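Observations on the model geometry
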Amino acid sequence: MKQELSPPRLLDPGHYEEVHRDGDRVLLTIRADWPRLEETSPGLRRINRYYERLAQKLRERWEGELLIRARAEATSSTPPWEVSLGFDVTLLTPELFSLTWTAAENLGGERPHTMMEGDVWSLPDGLPLPLSHFFPARCRKQHIISEISSQIQARLATGESLFYEDWLHRLHAHFSPRHFFLSSAGPVLFYPTKTISPAIEGFPSFSLSSLSTWKDKEERSEEENQKER
């Protein structure tokens with residue numbers, strides 16, 4: 001009888017918050033949260049260390065060069081600067097851990113500068129998985145672009161989304177297999193803000209479940225587990 005595995009436990013996030021002042025004036029507020037998993041294997045410890053280092057690297061930048069800029073550019077009418085690190089877990093199973101993390105810098109402009117990255121890890125070994133892992137070998141970039149194009153055309157037809165007029169050219173120019181995460185339905189590829197659509201659209205995301213073989217493998221694995229019980 002095959003033992004049924006459970007996903008690792010998601011712990012309270014790592015966290016720090018700091019407010020830097022010049023006298024009574026707030027110059028820079030820093031808030032950061034990052035994921036933490038219960039460390040029941042070396043792989044899970046590896047994942048935790050990765051996000052700890054990420055948070056520390058951002059903190060060093062924010063409390064270094066950015067704080068120097070805040071002090072130099074601050075005036076009586078300057079609003080306080082705010083920066084943050086956050087994350088959203090998109091999938092957690094015994095075999096996979098996926099999330100997006102977002103770093104935002106609001107330096108007094110109309111809109112904060114925001115970057116988002118997606119990560120997918122195999123469990124329990126804690127190794128990063130590429131987008132190609134979730135597709136058959138015959139699947140190529142042009143197949144993915146074609147699927148995304150169909151979704152954009154459908155969104156434009158209903159008026160639910162805005163895209164730049166040259167969105168098809170931009171799809172190719174800004175395509176990156178690193179910009180993806182997993183949902184319960186399968187892989188989701190996203191584009192950075194303002195690359196294929198106006199800032200109001202955020203990070204345009206597209207489900208690639210119709211091209212992926214991941215769910216098929218998962219369902220076969222579940223059927224095999226059921227037979228062995």
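Everything below is about the structure printed above this text.
Here we summarise the structure given alongside this text. Worth saying up front: this structure is predicted, and the values here are computed from it rather than measured.

Here's the deal with the overall build of the protein
Per the secondary structure count, the protein includes 4 helices and 9 strands. Along its sequence from the N terminus, the protein presents helices and strands in the succession β-β-α-β-β-β-β-α-α-β-β-β-α. Residues classed as buried in the protein amount to 38% of the 229 residues present. Accessible surface for the protein amounts to roughly 13,100 Å². Of this, 49% is attributable to carbon and sulfur atoms.

Some points on the sheet that holds strand 6 (residues 127-128)
Paired through their backbone hydrogen bonds, the strands of a sheet run either parallel or antiparallel. Spatially, the 6 strands line up as an open sheet ordered 1-2-3-4-5-6, and their pairing is mixed. In the strand order of this sheet, the two ends are held by strand 1 (14-22) and strand 6, each with one partner. Pairing of strand 2 (residues 25-34) with strand 3 (residues 81-92) involves 5 bridges; the strand directions are parallel. Counterpart to Ala32 in the pairing with strand 3 is Leu85.

Here we look at the nonpolar core
If you look at the biggest cluster of nonpolar residues, it comprises 26 residues, and the most contacted ones within it are Ile47, Tyr51 and Trp62. Those elements that place two or more of their residues in this core are strand 2, helix 1 (42-73), strand 3 and strand 4 (96-106). When residues in this core are grouped by element, the largest group, 10 residues, is from helix 1. Ignoring sequence-local partners within four residues, the contact set of Tyr51 consists of Trp34, Pro35, Leu99, Trp101, Asp119 and Trp121. Ile144, Ile145, Phe163 and Tyr191 belong to the second largest nonpolar core, which has 24 residues in total.

Considering the packing of aromatic side chains
If you walk through the whole model with that rule in mind, you get 7 aromatic pairs. Seen in terms of ring centroids, Tyr16 and Trp34 are 5.9 Å apart; in terms of plane orientation they differ by 55°. Their pairing is tilted. You can see Tyr16 sitting in strand 1 and its partner Trp34 sitting in strand 2, a full 18 residues away along the chain. A residue is classified by how much of its surface remains accessible, and Tyr16, at 9% relative accessible area, is buried. Pairing Tyr50 with Trp121 gives two aromatic rings, centres 5.3 Å apart and planes at 70°, and the pair type is edge-to-face. On the criterion of sequence distance, the pair formed by Tyr50 in helix 1 and Trp121 in strand 5 (residues 113-122) is long-range, its members being 71 residues apart. Taken together, the aromatic side chains of Tyr50, Tyr51 and Trp121 make up a single cluster linked through ring pairs. For Arg59, the ring lying beneath its charged end belongs to Tyr16, and the centroid distance is 4.3 Å.

Some words on the pattern of salt bridges
With the rule as written, the count across this model stands at 9 salt bridges. The residue Glu39 makes a salt bridge to Arg49 at a minimum N-O spacing of 2.6 Å. Of this pair, Glu39 sits in the loop between strand 2 and helix 1 while Arg49 sits in helix 1; the two residues are 10 residues apart in sequence, bridging distant segments of the chain. Its relative accessible area of 32% is what places Glu39 among the partly exposed residues. Exposure remark for Arg49: the relative accessible area of 29% places this residue in the partly exposed category. The shortest N-O distance in the salt bridge between Arg59 and Glu63 comes to 3.4 Å. With Arg59 and Glu63 both in helix 1 and 4 residues apart, this pair spans about one turn of that helix. Note on Arg59: relative accessible area 24%, which makes it partly exposed. Looking at Glu63, the relative accessible area reads 29%, which means it is partly exposed. Residues joined in a network through salt bridges with shared partners are Glu39, Arg49 and Glu52.

Cut-off values and rules
- Residues numbered from 1 in each chain as written.
- Predicted model: local features only at pLDDT ≥ 70, side-chain atom pairs only at ≥ 80, totals over all residues.
- Heavy atoms only, no water.
- Helix = DSSP H or I, 4+ residues; strand = E, 2+ residues; numbered from the N terminus.
- Buried < 20%, exposed > 50% of the residue type's maximum accessible area, 1.4 Å probe, protein only.
- Areas by Shrake-Rupley, 256 points an atom, 1.4 Å probe, with all protein chains shown as cover.
- Pairing = 2+ DSSP bridges.
- Core = buried A, V, L, I, M, F, W, Y, C linked by side-chain atoms within 4.5 Å.
- Contact = heavy atoms within 4.5 Å.
- Phe/Tyr/Trp six-rings, centres within 6.5 Å; stacked < 30°, edge-to-face > 60°.
- Lys NZ or Arg CZ within 6 Å of the ring centre and 35° of its normal.
- Salt bridge = Lys/Arg side-chain N within 4 Å of Asp/Glu carboxyl O.

By themselves these figures say nothing about function.
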